[in-house]
Amino acid sequence: MAGSSAPDGAELADNELVDRFIAGDAKAFSTIVERHRARLTFVARRYTNNDTDAQDVVQEAFFRASCNLHRYRRESALSTWLHRLVMNSGYDFLNHRANREHASLDAEVVEADRNVYCASDPFRGIDKRIAVTNAMLKLREDQRFAIYMTDIVGYPVAEVARHAGVAEGTIKSRRARARATLREEMGGAMEAEPASAVTGR
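These notes cover the structure that comes with them.

The rules behind each value
- Residues numbered from 1 in each chain as written.
- Predicted model: local features only at pLDDT ≥ 70, side-chain atom pairs only at ≥ 80, totals over all residues.
- Heavy atoms only, no water.
- Helix = DSSP H or I, 4+ residues; strand = E, 2+ residues; numbered from the N terminus.
- Buried < 20%, exposed > 50% of the residue type's maximum accessible area, 1.4 Å probe, protein only.
- Contact = heavy atoms within 4.5 Å.
- Areas by Shrake-Rupley, 256 points an atom, 1.4 Å probe, with all protein chains shown as cover.
- Core = buried A, V, L, I, M, F, W, Y, C linked by side-chain atoms within 4.5 Å.
- Salt bridge = Lys/Arg side-chain N within 4 Å of Asp/Glu carboxyl O.

1. Digging into the overall build of the protein chain
Consideration 1: Tallying secondary structure elements over the protein chain gives 10 helices and zero strands in all.
Consideration 2: Along the protein chain, helices and strands appear, N-terminal first, in the series α-α-α-α-α-α-α-α-α-α.
Consideration 3: A buried classification covers 38% of the 201 residues belonging to the protein chain.
Consideration 4: For the protein chain, contacts bridging at least 24 residues in sequence account for 64% of all contacts bridging at least 6.
Consideration 5: Looking at the protein chain as shown, the accessible area adds up to about 11,600 Å², and 49% of this sits on carbon and sulfur atoms.

As structure tokens, this is what we get:
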């Protein structure tokens, strides 16, 4: 038809953009990035103390996405798939930061009771946060996604189920199994306070 043209990338659905990128259209991925960056940055901010680190987490997630987009099975929304990549990048960031903090503690041990300036311990609770992070990494991905989205981010079960493309009962079941695993891994510490309180997220 005369005067017709291919639709602009911003008007295409996510799956169409995925097809275009796999076919070699680099601009399609740029559209994906611009479409989802804001929400993913909000998610990444829960793992970091500042926006700069949050942007690094998102950039790492988008890099992984660009390398693995051909493996995206479309069993769930692209936004959910990208969300999981941000979660994985966020856990990697937390582990890296925890290792740095432990190394710092090992390099310089200060006895708080002998120094009034150390009365407030900046590392208070870090062992528990590290333990929770490590326990979360031992969960199955679908269970980790369920408990993170509901208990930590705070989305309703119905919305999480809709994004994951499963029944609400499935999300509830996965969350229950995740909680049981965390309680076992944490030796009962999860009974006293939720994962969000321990991680500070």
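Resuming the write-up.
2. Considerations on the environment of Thr-181
Consideration 1: For Thr-181, the position within the fold is in helix α8 (residues 168–185).
Consideration 2: What makes Thr-181 partly exposed here is its relative accessible area of 25%.
Consideration 3: Put simply, Thr-181 and Met-136 are 45 residues apart on the chain and 8.7 Å apart in space, counted from C-alpha to C-alpha.

3. Considerations on the nonpolar core
In a soluble, globular protein the nonpolar side chains are often hidden away together inside.
Consideration 1: Counting residues in each nonpolar core, the largest one holds 47 residues, and the members touching the most others are Ile-32, Leu-69, Leu-78, Trp-81, Leu-82, Met-136 and Tyr-148.
Consideration 2: Going through the elements one at a time, α1 (14–22), α2 (26–44), α3 (51–68), α4 (78–107), α5 (126–137), α6 (141–152), α7 (157–164) and α8 are the ones with two or more residues in this core.
Consideration 3: No other element matches the nine residues that α4 contributes to this core.
Consideration 4: Contacts of Ile-32, omitting those with residues within four sequence positions, involve Leu-17, Val-18, Leu-69, Leu-78 and Leu-82.

4. Section: the pattern of salt bridges
Consideration 1: All chains considered together, the criterion is met by 10 salt bridges.
Consideration 2: Asp-14 is the salt-bridge partner of Arg-35, the closest N and O atoms lying 2.8 Å from each other. In this pair, Arg-35 is assigned in helix α2 and Asp-14 in helix α1, connecting sequence segments 21 residues apart.
Consideration 3: Here Arg-35 falls in the partly exposed class, since its relative accessible area comes to 33%.
Consideration 4: What makes Asp-14 buried here is its relative accessible area of 18%.
Consideration 5: Here Asp-142 ties to Arg-174 by a salt bridge, and the two come within 3.3 Å at their closest N and O atoms. Of this pair, Asp-142 sits in helix α6 while Arg-174 is found in helix α8, placing the two residues 32 residues apart along the sequence.
Consideration 6: With a relative accessible area of 16%, Arg-174 lands in the buried category.
Consideration 7: The network of salt bridges with common partners includes Glu-60, Arg-64 and Asp-92.

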